[in-house]
Structure formats: C-alpha cells, structure tokens
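Survey of secondary and tertiary structure
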Amino acid sequence: MLHFQPELIDLLPAAVAFTIVGLTMLCCGRTAPKPQKHYDDKVEDLIASGSIKGFASVAKATTGNQFAYHKAKGQKRTGGRVDLSAFNNVVHIDDEARLVQVEGLATMETVVRALDWRGYRIPIVPELKHITVGGAIAGIGIESGSFRYGWFHQAMVECDLLTPGGEILRCSASNEHADVFHALPNSYGTLGYVLRATLRLVASRPYVSVTTTIHTSFKEAMTAMEQAEASSEFVEGLWWAPDKVSVTLTNYVDEVPKGKKLKRFDGLSIYYKAVGKPGTMYMTSPDYYFRWDADWFWNIPTDAGGWLVRLLTPRKLRTSSTYKWLRSLRVVKAWHRLETLWKPQGQPFVQDWAVPWSRADEFVREATKTGPHRKGVPYMLLPVGTSSNKATHYPCDREERYLNLGTYTEIDVPFEDALAETRRIDDLCVKRHAGIKMLYSSSFLDLQTYTRVYGTLDSATKKKVDP
C-alpha cells in the first residue's frame, strides 16, 4: 500500500496551480487591447466569413458553465464551429429608456464595469465574473436580486439570435419571432447564439451594507426572507444544518459609516465563512456582485494548499474562470487521476433545483439529507419572483414565488453513488414537489417527465431556427 504525507498532498495541487499561473503571467505579460469594432461591422465580418450556416458549436474566449460527471473517455466535438469571441462588448446605454444593448459574449465583469459608474446595474448580476450575457439568457441566471426581478432572462427586451440555419433573427415578445424569444431561455445553444441583447436597467449605488442573521430552522429563515422582501435590495440564505440557516440581507448605501472598513474577498478572507455568522459589513457594489467568484463559492479548500493559493495568487487572477482553466490542464488532470489511489475521484455535485414556495420547507428538509455532501460547506437558498416569467421551456407558474436550492461542490464518492444522489433529488424536485431544475449539469429525467415539465419545441419555431 502507498503512504503519503497528508500535508504534502494538500499542498501539491495548489503549488502546481500557482506555478502555472505565475509562469503564464511571466510569459504572456500585458498586451494593448485591440480596438473594438462596432456591432454592425462585426455582424458583416461574421456573415462574410461564411461560417454561420450549419455550425454545431461556438468558439469564445471565456470558460463554460456546464458540469457533468467525470467519465472514462470524453466525446469528440463534431460539426462546424463559428467564432463569436469578438461579440464581447457593451454597445449602447440608453439613460432615458433605462436600457442597455450588450453583445452576447460580454461577461458580467464587462457589463458591471460599464454600468456601475453611471449608477446602473442589470436586474440580475450572476455572481461569477466570466458568465456571459448570452449564456445567462440561454441558460438560466439567478442571484440574490431574484426575489424581486426573477430569472436573468426576465430583463431581456429584445435580442439578435444567430440560428443554426445561418439566419440572424431579431426577437422580442411582441414581434413575429416572439415564439423564439420565449423559447430561448433554457435552450443552451440549441436554438442558436445571442449576438446582441437589450436588457432593462435598474438603479444602483456605490456601496452596500451586508447584514447576516442566524436562524434555528429553515422555516424560520423562510419567514425572515419573506419579511425582508419589501425593504431589501438583495436577499439570500445559506443552509448549513437543520438547526443553522443564515439569511443575508443587502441594501445600497451612498457612503460607509465612519470607522467601518470596506470588506473584500479576493485575498485571505472567505465570503461564505463571513456570512456564516451574524453581523454587518460593507462592500463596494461590484465587490458584492462578485462576492462568490474568488473562492468559486466554496470550492477553494481551507487546507494548507487552499491557503497557499489565496496567499500567492494575484487578486486579478483570483477568479472562478482561472480555477476552471487550471483544472482543464493536463498536469492538473493527471494529479486528480493520481488522487484516485487513495480516494474516489471527486464528482461535480453542482445543481440548482427550484420548487414552489409552499413546497420549499419539505423539499429542503428531504434534499439536504445528502450523505456524501462535503462537511462545512452550505447549500444556497434563493427566493425567486416568477410572476413575469414567460419562458416556454422553463415554466414556473404554479406560484408567484419559488425557492431555488443550489449546491456547488464536489463529492468524493464513486460515479454510481453521485448519479443515484442526483436522481434522488431530481425526483424529489420534479416529481414530488412540482418543481423544475436547471439543465447545465448532469440531470436524470425520463422522457415523459421531461416533456411534462419542459415541453417540446413547436414545429413552427423549429423551422425558423433550423430549416
């Protein structure tokens, strides 16, 4: 039998990761940004490239956000590929109408940078910097403002969609492509890719106060969230244990009280630990929007290796996209394969389930009985206002408020056990509690259940996008 020094095992991945990051920075250095073309010129270049008809995938500069259980051998990509990486900018801000035009590959970091100094934000700012506008539309975006503004796509007024058939459709809720507009959320690129979207804006302020209270049951926390909705800008909770649920209420402020320091969480401080205890802290608004990014929620460990990463990695690179890139490298994959000598290969337990609010207490109680869930990390709790959601294939119309339960970690169990646990909670959500789940991760639903919950694409709509 092989024996390893535990501390050395903890340090190795972090040391490898930091070395790669450091060498990359040293070799690549800084380059001047390329001048941005106008959106219409980019579209002309795209059409002239001849790559838009019959494409099967898209090339982009950001990392993806789809998660699947590890398999022995991955599938090879087939079909044509269209490069949309140039569509990454904020096009226009209309102060009078409170609208912003954004290209589909623009990241949340880019959008926040363009809007924050003008006193705006988009209603839902997904908490990871590298998430793109098009991805949040075709996927399902959610955040602590969702109790008031719902899912990310509910802020969309219009979009230009590049379809697999090579057409560019301008879609809105009131034009001839309204069916495509409403079918786009939860389509994950199967209907095409967003080149440009027009989104509503809401007012923002420079700073936020972040106040956490601790409750002895989820039901008590539900009541606290309900009571806070009228007076809070952001509402979220964390489930730690049946007798410990934290609720964090956040509001904009124009200035920080005298004697209070601004908190940030891209150094040695860890956000989820800070809101695991009661108290009030102050942050800049952008730091709050991306509070979960530096530790990729709670995926950077608190062992010796994790602290080394926090200590040595430059702030600019303390992002979830950096970690995802590192995990994709062959040397890191080889390390994870080596780890299987003394433990099962970690399986991504990254899921979001949503149930009607009246079913939430029972659902959370049953779902959080997960045996292999990593100790010391919570589940995310987000109330979602769904009254204005018109998405054809992500219907949430049983009640006007849903509860979204999120888990964003790995579990050290064999593939079969991870699969069984996900199936158990999928069935709890969809079959027993009339809920729905995001499909960015491994999901297990029979065809009859899937069709009942998500529906099927109308033949006329399919003909528009893929003739």
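Please refer to the structure higher up on the page.
Here we take up the packing of aromatic side chains. Each aromatic ring pair is summarised here by two numbers: the centre-to-centre distance and the angle between the ring planes. In this structure the tally under the stated criterion is 17 aromatic pairs. A centroid spacing of 5.1 Å and a plane angle of 50° characterise the contact between phenylalanine 234 and tyrosine 288, whose relative ring orientation is tilted. Placement of the pair is phenylalanine 234 in strand 11 (residues 234-241) and tyrosine 288 in helix 9 (residues 285-289), with a sequence separation of 54 residues. Exposure class is identical for phenylalanine 234 and tyrosine 288. Each is buried. Seen in terms of ring centroids, tryptophan 240 and tyrosine 272 are 6.2 Å apart; in terms of plane orientation they differ by 25°. Their pairing is stacked. You can see tryptophan 240 sitting in strand 11 and its partner tyrosine 272 sitting in helix 8 (residues 271-274), a full 32 residues away along the chain. Using a relative accessible area of 18% as the deciding quantity, one classes tryptophan 240 as buried.

Since there are 3.6 residues in each turn of an α-helix, residues three or four apart along the chain are aligned in direction. Considered for burial, the residues of helix 2 (residues 39-49) that qualify are Tyr39, Lys42, Val43 and Leu46. On an axial view of helix 2, the arc spanned by its buried residues comes to 100°, and they lie on one face. Exposed residues lying more than 90 degrees from the buried face of helix 2 are Glu44 and Ala48. Of the surrounding secondary structure, the elements contacted by the buried residues of helix 2 are strand 2 (80-83), strand 3 (90-94), strand 4 (99-103), strand 6 (156-162), strand 7 (168-172) and strand 8 (193-200). Phi turns positive one or two residues past the end of helix 2, at glycine 50, with a value near 75°.

This part is about the sheet that holds strand 14 (residues 347-356). Read from one edge to the other, the open sheet built from 8 strands follows the order 13-10-12-11-15-16-14-17, with strand pairing classed as antiparallel. The two strands at the open ends of the sheet, each matched to only one other strand, are strand 13 (279-284) and strand 17 (436-437). With 9 bridges joining them, strand 10 (residues 207-215) and strand 12 (residues 244-253) adopt antiparallel strand pairing. Residue pairing across strands places histidine 215 opposite valine 245, the latter belonging to strand 12. Against the sheet, helix 14 (residues 415-432) engages strand 14, strand 16 (401-411) and strand 17, with an angle of about 5° to strand 14.

By size, the foremost hydrophobic cluster in this structure holds 106 residues, and its most contacted members are Ile122 and Phe363. With residues near it in sequence (within four places) discarded, isoleucine 122 still touches Val100, Met108, Val111, Leu115, Phe152, Leu199, Arg200, Leu201 and Val202. Core analysis: the second largest hydrophobic core is formed by 10 residues, Leu84, Leu105, Leu162 and Leu195 among them.

Throughout the structure, instances matching the rule amount to 23 salt bridges. Here glutamate 233 makes a salt bridge to arginine 148, at a shortest N to O gap of 4.0 Å. Taken as a pair, glutamate 233 in the loop between helix 7 (218-228) and strand 11 and arginine 148 in helix 5 (residues 146-149) lie far apart in primary sequence, 85 residues in all. For glutamate 233, a relative accessible area of 16% corresponds to the buried category. Given a relative accessible area of 35%, arginine 148 falls into the partly exposed group. Aspartate 295 is the salt-bridge partner of arginine 310, the closest N and O atoms lying 2.8 Å from each other. One end of the pair, arginine 310, is in helix 10 (residues 304-312); the other, aspartate 295, is in the loop between helix 9 and helix 10, with 15 residues separating them in the sequence. You can call arginine 310 buried: its relative accessible area is 2%. Residue classification places aspartate 295 among the buried positions, given a relative accessible area of 4%. Three or more residues are tied together by salt bridges with common partners; here these are Arg121, Arg148 and Glu233.

Our focus in this paragraph is the state of the cysteines. Applying the stated criterion across every chain yields a total of 0 disulfides. No disulfide involves cysteine 171; its nearest neighbouring cysteine sulfur is the one of cysteine 159, lying 4.6 Å away. Assessed through its relative accessible area of 0%, cysteine 171 is described here as buried.

About the thresholds
Residues numbered from 1 in each chain as written. Predicted model: local features only at pLDDT ≥ 70, side-chain atom pairs only at ≥ 80, totals over all residues. Heavy atoms only, no water. Phe/Tyr/Trp six-rings, centres within 6.5 Å; stacked < 30°, edge-to-face > 60°. Helix = DSSP H or I, 4+ residues; strand = E, 2+ residues; numbered from the N terminus. Buried < 20%, exposed > 50% of the residue type's maximum accessible area, 1.4 Å probe, protein only. Arc of directions from axis to C-beta. Contact = heavy atoms within 4.5 Å. Pairing = 2+ DSSP bridges. Axes fitted to C-alpha atoms, helices over the stretch in contact; angles between N-to-C directions. Core = buried A, V, L, I, M, F, W, Y, C linked by side-chain atoms within 4.5 Å. Salt bridge = Lys/Arg side-chain N within 4 Å of Asp/Glu carboxyl O. Disulfide = S-S within 2.5 Å.

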